[in-house]
Structures are given as structure tokens and as C-alpha cells.
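Residues per chain, in single letters:
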Amino acid sequence: MANLAGTAPASALPAAWSSQPLLTIEGLTVDFSGVQVIRGIDLTVARGESIGIVGESGSGKSVTWLAALGLLPRTATVSGSIRLDGEELRGAAAMRLDRIRGGRVAMIFQDPSSALNPVIRIGRQVGEVLARHQGLSGSSIRAEAKRLFELVGLPDAGRRFDAYPHELSGGQNQRVMIATALAGKPDVLVADEPTTALDATIQAQILDLLTTVRRETGMALVLISHDLGVVSETCERIMVMYGGLVVETAPSESIFASPRHPYTQGLLAALPPFEGALRRLIPIEGQVPEPATMPPGCPFAPRCPQRMAVCEVTIPPLAQTEAGRFSACIAGPATEAQQPLKLKTSVLA
Amino acid sequence: MTASILDLHGISRSYSTRQGLFGKKVPVHAVDEVSLSLKEGQTLALVGESGSGKSTTGRIALGLERPNSGYVLFRGTELPAADTPAWRRMRAQMQMIYQDPLAALDRRLSIIDQVREPLDIHDIGSASKRNNKALAMLDAVGLNASHATSLPYQLSGGQRQRAVLARALIMQPALLVCDEPVSALDVSIQAQVVNVLMDLQKELRLSLLFISHDLKVVRQVSQRMAVMYLGRIVEFGETHLLLSSPTHPYTKALVSAVPVAGRRTRERIILKGEPPNPAARPTGCAFHPRCAIARPECVRVSPTFSTLPDGRSVACHAVHTNPPTKEVGS
Ligand SMILES: Nc1ncnc2c1ncn2[C@@H]1O[C@H](COP(=O)(O)OP(=O)(O)OP(=O)(O)O)[C@@H](O)[C@H]1O
Ligand SMILES: Nc1ncnc2c1ncn2[C@@H]1O[C@H](COP(=O)(O)OP(=O)(O)OP(=O)(O)O)[C@@H](O)[C@H]1O
Ligand code: SF4
Ligand code: SF4
Ligand SMILES: [Mg+2]
Ligand SMILES: [Mg+2]
């Protein structure tokens, strides 16, 4: 199923970059004490590509990438394969993973408090990455750290070097984390909600910066965000997760114009409008199923307005609906046309 | 006329930071002469540049931090000094929800214990009643019994934020200061939490000081909003007016940069120039190094507020001298 995720449009990439995927995840599952929270994920990330990952809170967006980087606690059981340029990362030695993390693959974490050490000055935290992964030392560390802080728009970069995280605002700490992630000159940057604490103007600057770095260095960007606007403006391809599965993947323009999966449709309908009349927001009815009590069929079935009897017994596979688009829904491409009878036969076929 | 529940009068707060171990101390003016008022049962949104002093203002509003000058009135009474019995009594009616949900929760306690904790501390009701109340509150924010028994790290980011919200609401406060309360939530849960907040506001006449970067949510929840830039308020007025026809050049840039899913309909204004530095505040109008329509006086003279016919206040020289009905800049 590795072909499912597709690759970035060739036009967006310099010709020299191979079309071979940089990072490949196959059949990834994660269990926490016997409860499966990631239930089989396949995806590929090509050099220079930008993938946006959206999905319900608790759907496994963060855990997928923590698993890929070997960052989950011991209580987690990971299976499947994660390959970086052909090298298997699952089960790799801790020392080896340590070298890769922060270097070839960097991650910006969702919780600033778990990523920045409160008792170490921020300049030293960035400096450690520069020393480890860039081999810099002494005054060149300070100069490079200052350059990175300026790059992410941290005001008064020179002086901030000696600040502790608590002396910075939420958004300033978030930019320190982005600078730290970029310090290792990664091939893949996994950014988990990197701009939630930033105002719209700085958010736009940071997203532009990530896109520029991507274009200039061929860094691949995996952007996890609940803000559909953010991924829409930054990413070429969108992956929608629900209940530990990928339920839809499509190029950015088409998914927002015509979402195929009923969950994606619900997600877009719940978005507060920025123009036009105010109305009460329309949440998706019901709650996300708990991993321990996941329905046997389609994970979205208990909340789906288009549910049919068959949905409750079969997990719909991610199937191509049209070129470059995949949706895991039994109602399939005909959701707009509402032809459940015809669909049932196609499931049986 | 609705009475105001919270009034900030010319509050300022500065911190000192030093460069290097032996460097000299430099003051950082985090909040500078900010005045605001929040009407009972309403929502006032505080938006603006990251680092412009919104969280500091929120902490000062609750008396968690003292302003260097200015004062805060809660229902017309000045806030007592922090950690005095009088302050603690008043504090029970005011709650805060912080930006970072993981830092706000105790890592070793189950969610239900933490949500029930304020009731335990204030000894409200019997033990079983407290538990039921905590469960009901969790249910109201969309968390179930199995979430209740989880530890914070076992929940996703969005689930944690709802736990924090439940804990803040369980004492039925009159005033809730929310610092980025829905930024960690995905949109469908965000819609639930926003609806919950608005329903509770109606039912309990809850007043909200709502700090947020998400202008789409701000549009949904607030009647009035204040835009901050480098410690000062630059525009203040009815939310729908500020969002549909922003007047201050910073507000314009901010509104234009709101990311939209699908095709964007308006041109994004990209701000140029140095990011603002509170330790070296530009002279005159602090926005002048990045303002496309700055004029000579902007470098020298700090603009004062002028009131437009639609009731909003704007601190900008260009607005002063233009007929207020005309759009400023381009
Ligand atoms: N250490 C852990 N132990 C047990 N369960 C966990 C652990 N970490 C995560 N989970 C569970 O795994 C599931 C996926 O969590 P994850 O953090 O990946 O969600 P997410 O999609 O990133 O959500 P959000 O948008 O809220 O950040 C959730 O049900 C969560 O409760
Ligand atoms: N304890 C402190 N010591 C020194 N400086 C501080 C301290 N707390 C805040 N500051 C500074 O005061 C300014 C305002 O910070 P504040 O946290 O109020 O900003 P904010 O508007 O909430 O920003 P954000 O949107 O990024 O959360 C920032 O420049 C910050 O660096
Ligand atoms: S498979 Fe059935 S329940 Fe699942 S999303 Fe499609 S229609 Fe809804
Ligand atoms: S006062 Fe001058 S510099 Fe400041 S926002 Fe207005 S026009 Fe721009
Ligand atoms: Mg997450
Ligand atoms: Mg803040």
C-alpha cells in the first residue's frame, strides 16, 4: 500500500531530487497495554514534500510520529516498518536513533513544556543541537543560534540567548523550538502544532519560512495541525486521521473544495466561518470512540450521518476515489450522489 | 447599561532581563498603560502580536501578578493583595485557563481527582456529590468516565485542554480568564467547547476575558475585542466591526493573515521589518518600523486614542487626521 500516499508533484521539486521516498512507514501499529491506538498506517514522504496531517483529537496524529522516531514510553508496543532512506528505524539502537533525531529527522513537539528544559537557558538548548549535529563550538554556536533566532523572528535575538523559557511568552518559546528543530538541518521536519501559540502575522511568517527552507534545502515537512487553514495554505497533500487510521488523503486544493470522507465533511462544516453571518457552530455529533472500545467496523460509524448497516461490520479500506485521492468509506465516491444501493453491490464485488 | 465586572485602569508591568551573566539589566515593558473593561456576562477578546503582553494582562486581571502602576477593579472593588484571605475569597469567583494544558495539570493525579479538587479544597457537598458533579462537568466538556480515571499523559492534547476547562468551571466562577483555551483542540471539539462556553455564559452569566490568536473563534465568542501590540492596546471596539473593517494598520495585517481553508479571498499583508522588541521599544508609535503608511510624526509622537463614530478607539496618527468614515491606508 506504499503507493497510496503518492509523491509531491514533480514540478515543485528540483530535478536532481530522486523520486524515491525519503521516509516510508508501512503497516505501523501502536499498542498501549494491549489497546491498539494506531491501527495500520502506510505513508511515504518524498524529499521536499509537504504533508498536512489533520484529524480528531486523539486520532493518533502525534503517536504516529512519536512511534516513527522511537520516542514512545516503554509501555508502547510498536510494529510495522519505518524506513529512512532504506534504513529500518524500528528497533534501531538507541544511540543510532539519538543521532537521527534532531539531525536528519527533527520534531517540534506539541507541548512546549515537555520540549524545553525550564532550567537551561534557551541559547544553550539550541547550542546543544548545533554542537551535536553540526559540530559547531564556541563562538560559532552563538552566532549560528543568533541567526536561527532571527530567522524565526524572535525579537532581540542576541539578548534572548541567555533567557530561561519562563522569561519568554508562549509564542516566543514556540519559536525557540522551531529554531532548535531547524538547527540540525533536518531532511524531514515533523512539526506537531507548531504555530498554535502564534498570532496570525507571525504564523504566516513561520509557515512561509518553513516553505522557503523546504524549497531551498529539499527538507520534507510533515505538518500536524488542527487548523485546516494552516495546512491548506502550507501543504500540498493532506492526510486525515480518525480512530488510529488514515481515512482520507488528497491534494490540498481538492480536499477542501470537495471532501470525500464523511468525517472530513464534518470537519469542514465545524470550522467557524470568518465571513458572513454568525451561526452556532456545528460540532460533529457524538464522541470519538475510545481506543479500547473501538467499533468493529468503520471507526466513524457511530457518528456518521451516512452510515449503512455494512459500515458497522467492515473496516473500509483506503481506496482510490479518483486520481491522487483516497478515501476509506464504504459509501465511497458517491457520497454526494447518495446511491447506497449501488454502493453495497460494489462492496460485495 | 450593563455593569462591568472587570476594569483595568492604566496598568503597566515591566520585567528586567539581563544580557549575559554580568550584563546590565534592561527593563522589558510587557504591559504599558493598558485600560480595559469587561461587562458582566460578556466576552472580551484580547488578541495581538505574540509577546505583546496578553498573558501578563490576564494574570494581572486576576491579581496573580501585581502591576507596577495602575489598578484592577473586580465588580468595582480593588483587588486585594495576592495570597491574603480576602484575595482567596475573591479568587474563587475568578478562574484562569492557561495556554499549556500539560503544564496546568498534575502529572500524577487522575483527571477526575483534579477536576474535583477545587470542590474538595473548599469542602463543597458530600464526597459522592462532588464526584458526580465532577463527572457531570467532564461530560459537559465532552469527556467520559474512562477519561476521568486517566492520567494526563494518557490523554491527547485536546482531551487535556477540556479537562482543564472542566476544572476551571466546576466552581462556577463569575469571571473566567481563558488564555488560548481552544488552541489545542481540533475544530469539531473546538466547536463543542465554544458552544459549551457560550451556553454556560448564558446560563451562569459567566464573563470571559478570552485571550486567543484564533480570530475565527474570537469572532464567534466575543462581543468586543482589544488588539495589543508591544504592550499597548492599538484598537478596541466591537468585534464584528474590527474584523470586518479593521482600522489600525496592525489590526489590518492581523486580520488579513488569518489562514483560511481552501481559496483565500483577501490579499495577505506581510509585515516587514524587525520583529518588535519590548526591551527597545521604538519611539513614537511602536508600530512605525513596520507600518506601510508611517509618517514623520509617527517616529516622534506616540498616538493617543481617538474614538470613531462607530464607538471604537484607535491609537494611530493616520486615523486622527482622516475623516473617520474613510478607510485608512490600503
Ligand atoms: N503514553 C500513552 N499511554 C496510553 N495511551 C496513550 C499514550 N499516549 C497517547 N495515548 C492515546 O493514544 C491515542 C492517540 O493520541 P495522540 O496524542 O496521537 O492524539 P492526537 O491525534 O495527536 O490528538 P491531539 O490532536 O489532541 O493532539 C489517544 O487515545 C491517547 O489517549
Ligand atoms: N518573567 C518574565 N521575565 C522577563 N520577561 C518576561 C517575563 N514574562 C513575560 N516576559 C516578557 O513580557 C512580554 C509579554 O509576555 P506575555 O507572555 O504577556 O505575552 P503574550 O501576549 O501572552 O504572548 P503570546 O501570544 O506569545 O503568549 C514578552 O516580551 C515576554 O518575553
Ligand atoms: S464507511 Fe460508512 S460509517 Fe464509515 S464514513 Fe463511510 S458511510 Fe460513514
Ligand atoms: S501611528 Fe503612524 S506608524 Fe503607527 S500605525 Fe498609525 S500610521 Fe502607522
Ligand atoms: Mg497530538
Ligand atoms: Mg501568552
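Attention in this report is confined to the structure presented alongside it. Worth saying up front: this structure is predicted, and the values here are computed from it rather than measured.

Definitions and limits used
Residues numbered from 1 in each chain as written. Chains lettered and ligands numbered in written order. Predicted model: local features only at pLDDT ≥ 70, side-chain atom pairs only at ≥ 80, totals over all residues. Heavy atoms only, no water. Helix = DSSP H or I, 4+ residues; strand = E, 2+ residues; numbered from the N terminus. Rg over C-alpha atoms; globule rule 2.2 N^0.38 Å. Buried < 20%, exposed > 50% of the residue type's maximum accessible area, 1.4 Å probe, protein only. Phe/Tyr/Trp six-rings, centres within 6.5 Å; stacked < 30°, edge-to-face > 60°. Lys, Arg positive; Asp, Glu negative; His and termini not counted. Salt bridge = Lys/Arg side-chain N within 4 Å of Asp/Glu carboxyl O. Contact = heavy atoms within 4.5 Å. Pairing = 2+ DSSP bridges. Near = heavy atom within 4 Å. Nonpolar A, V, L, I, M, F, W, Y, C, P; charged D, E, K, R; others polar. Polar contact = N/O pair within 3.5 Å; in protein donor to acceptor, adjacent residues only side chain to side chain. Areas by Shrake-Rupley, 256 points an atom, 1.4 Å probe, with all protein chains shown as cover.

Quick look at the overall build of chain B
Helices and strands together make up the secondary structure of chain B, namely 13 helices and 12 strands. Radius of gyration (C-alpha) of chain B: 21 Å, near the 20 Å computed for a compact globule of 330 residues. Referenced to the eigenvectors of the C-alpha coordinate spread, the extents of chain B come out at roughly 65 × 50 × 45 Å. Residues counted as buried form 59% of the 330 residues belonging to chain B.

A word on the packing of aromatic side chains
Counting across every chain of the model gives 6 aromatic pairs over all chains. With 5.5 Å between their ring centres and 70° between their planes, A:Y263 and A:F300 make a pair best called edge-to-face. Pair noted here: A:Y263 is in helix α11 (residues 262-270) and A:F300 is in the loop between α11 and β11 (319-322), with a separation of 37 residues, a long-range link. Both residues of the pair, A:Y263 and A:F300, count as buried. Judged by centre distance (4.8 Å) and plane angle (55°), the rings of B:Y229 and B:Y250 are tilted. Taken as a pair, B:Y229 in strand β9 (residues 224-229) and B:Y250 in helix α11 (residues 249-256) lie far apart in primary sequence, 21 residues in all.

Things to note about helix α4 (residues 111-121) of chain B
Listed in full, the buried residues belonging to α4(B) are B:I111, B:I112, B:Q114, B:V115, B:R116, B:P118 and B:L119. Following α4(B) by one or two positions, B:D123 has its phi on the positive side, about 55°.

Thoughts on the side chain of A:E193
Residue and element names in this part refer to chain A. Mapped onto the secondary structure, E193 falls in the loop between β7 (188-192) and α8 (200-217). No salt bridge is formed by the buried E193; its nearest oppositely charged neighbour, K61, is found at 5.6 Å. Beyond its immediate stretch of four places on either side in the chain, E193 contacts Q110, Q174, I224, S225 and H226.

A word on the pattern of salt bridges
Using the criterion set out here, one finds 34 salt bridges over all chains in the structure. With a shortest N-O distance of 3.9 Å, B:K216 and A:D227 are connected by a salt bridge. Of this pair, B:K216 sits in helix α9 (residues 215-221) while A:D227 sits in the loop between β8 (220-224) and α9 (228-234), each in a different chain. The class for B:K216 is buried, based on a relative accessible area of 7%. Residue A:D227 is classed as buried on the basis of its relative accessible area, which comes to 15%. Sharing partners across several salt bridges, the network here consists of B:D113, B:R116, B:D120, B:D123 and B:R130.

Quick notes on the pairing of strand β10 (residues 245-251) of chain A
All names here are of chain A. Burial analysis of β10 places 6 of its 7 residues in the buried class, which makes it a mostly covered element. Bridge count between strand β9 (residues 237-242) and β10: 6 bridges; the pairing is antiparallel. Bridging from a neighbouring strand, Y242 pairs with L245 of β10. What sits between β9 and β10 in their antiparallel hairpin is a turn of 2 residues, with G243 showing a positive phi close to 55°.

Digging into the pairing of β11(A)
All names here are of chain A. Of the strand pairs in this sheet, β11 and strand β12 (residues 325-327) are connected by 3 bridges, and their pairing is antiparallel. Within β12, the residue paired with A319 across the bridge is S327. Counting the residues that bridge the hairpin from β11 to β12 gives 2 residues, and of these G324 lies at a positive phi of roughly 75°.

Considering the site of ligand 4
Taken together, 13 residues form the shell around ligand 4, and within it B:C285, B:C291, B:C298, B:C316 and B:H317 come nearest. Its residues assigned to classes, the shell around ligand 4 comprises 10 nonpolar, 3 polar and no charged.

Here's the deal with the site of ligand 2
The immediate surroundings of ligand 2 are formed by 23 residues, with A:G171, B:S50, B:G51, B:S55 and B:T56 found nearest. Neighbouring residues of ligand 2 are not confined to one chain but are distributed across chains A and B. With respect to ligand 2, the side chain of A:S169 contributes an N or O atom lying 2.8 Å from an oxygen atom. Contacts to ligand 2 include A:Q172, whose side-chain N or O atom sits 2.9 Å from an oxygen atom. Relative to its unbound accessible surface of 650 Å², ligand 2 loses 93% to contact with the protein. When residues of the shell around ligand 2 are traced back to their parent elements, those giving at least two are α7 (170-183) of chain A together with β1 (4-18) and α1 (54-61) of chain B. Residue composition of the shell around ligand 2, by class: 5 nonpolar, 14 polar and 4 charged.

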